[in-house]
Amino acid sequence: QVQLVESGGGLVQTGGSLRLSCVASGIDFSIATMGWYRQAPGKQRELVASINTGGNTNYADSVKGRFTISRDNPKNTVYLQMNNLKPEDTAVYLCHTYRPFTRRDYWGQGTQITIAS
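Residues numbered from 1 in each chain as written. Predicted model: local features only at pLDDT ≥ 70, side-chain atom pairs only at ≥ 80, totals over all residues. Heavy atoms only, no water.

(A) How the structure looks around unusual backbone geometry. Unlike most non-glycine residues, Asn 76 shows phi in positive territory, near 50 degrees. Mapped onto the elements of the fold, Asn 76 is located in the loop between β7 (67–72) and β8 (77–82). Positive phi outside glycine occurs at Asn 84, with the angle close to 50 degrees. (Helix = DSSP H or I, 4+ residues; strand = E, 2+ residues; numbered from the N terminus.)

In structure tokens, the structure reads:
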């Protein structure tokens, strides 16, 4: 019953901002490392950002200084604030977690981000 539901996608112009949200259920969110991935047409899925239970973060070089990942444990929610968006950020963004109990990765259905050039 693990479920990750993303929201906040849309269409913005170059230089604009968006904030994505991912609400998790079926896991103990407070002890779960969460991440955001993205996949553009014809390209491999790549890790954008992750945040562990202690609040430590990791970012892809391409988004450092522009994106910020954060979490709100009481709300079981992880966020991705995206600033100064570029056309190359256009992709489907997916929420991710790993559940040690089942030794499986879990993915949201994805939310489309389109940056107009």
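(B) Molecular detail of the packing of aromatic side chains. One pass over the structure, following the stated rule, counts one aromatic pair. Over the aromatic face of Trp 107 sits the side chain of Arg 45, whose NZ or CZ is 4.5 Å from the ring centroid. Above the face of the Phe 29 ring, Arg 71 is positioned so that its terminal group lies 4.5 Å from the ring centre. (Phe/Tyr/Trp six-rings, centres within 6.5 Å; stacked < 30°, edge-to-face > 60°. Lys NZ or Arg CZ within 6 Å of the ring centre and 35° of its normal.)

(C) Focus on the state of the cysteines. Taken as a whole, this structure holds one disulfide when the rule is applied. The residue that forms a disulfide with Cys 22 is Cys 95, at a sulfur-sulfur distance of 2.0 Å. Where Cys 22 bonds to Cys 95 through sulfur, the torsion about that S-S bond is close to -85 degrees, and the disulfide is left-handed. A residue pair is termed long-range when its members are at least 10 positions apart, and Cys 22 in strand β3 (residues 18–25) and Cys 95 in strand β9 (residues 91–99) qualify at 73 residues. The exposure classification of Cys 22 matches that of Cys 95, with both residues buried. (Disulfide = S-S within 2.5 Å. Buried < 20%, exposed > 50% of the residue type's maximum accessible area, 1.4 Å probe, protein only.)

(D) Layout of the side chain of Asp 89. Topologically, Asp 89 is positioned in the loop between β8 and β9. Apart from the residues within four sequence positions on either side, Asp 89 is in contact with Arg 38, Arg 66, Phe 67, Asn 84, Ile 113 and Ile 115. (Contact = heavy atoms within 4.5 Å.)

(E) Structural detail: the pairing of strand β11 (residues 111–116). Burial along β11 is one-sided: Thr 111, Ile 113 and Ile 115 are buried, while Gln 112, Thr 114 and Ala 116, pointing the other way, are not. As judged from the four bridges shared by strand β2 (residues 10–13) and β11, these two strands associate in the parallel manner. Bridged to Leu 11 within β11 is Thr 114. (Pairing = 2+ DSSP bridges.)

(F) Expanded view of the sheet that holds strand β1 (residues 3–7). Pairing in this open sheet of four strands is antiparallel, and the strands run β1-β3-β8-β7 from one edge to the other. Only two strands of the sheet have a single partner each, and these edge strands are β1 and β7. The mean inter-strand angle of the sheet, taken between neighbouring strand axes irrespective of direction, is 15 degrees. Here five bridges tie β1 to β3, and the two strands are oriented antiparallel to one another. Counted as the bridge partner of Val 5 is Val 23 from β3. (Axes fitted to C-alpha atoms, helices over the stretch in contact; angles between N-to-C directions.)

(G) Up close: the pattern of salt bridges. Under the defined criterion, the tally for this structure stands at four salt bridges. Among the ionic pairs, Arg 38 bridges to Asp 89, the shortest N-O distance being 2.9 Å. Taken together, the residues span a long stretch of sequence, with Arg 38 in strand β4 (residues 34–39) and Asp 89 in the loop between β8 and β9 at a distance of 51 residues. Of the two residues, Arg 38 and Asp 89, neither departs from the other in class, the shared state being buried. Of the charged contacts, one joins Lys 64 and Asp 61 as a salt bridge, the two residues approaching to 3.1 Å between their closest N and O atoms. Owing to a relative accessible area of 65%, Asp 61 belongs among the exposed residues under this scheme. Among the ionic contacts, a cluster of salt bridges with common partners joins Arg 38, Glu 46, Arg 66 and Asp 89. (Salt bridge = Lys/Arg side-chain N within 4 Å of Asp/Glu carboxyl O.)

Bear in mind that shape data such as this cannot, by itself, settle questions of function.
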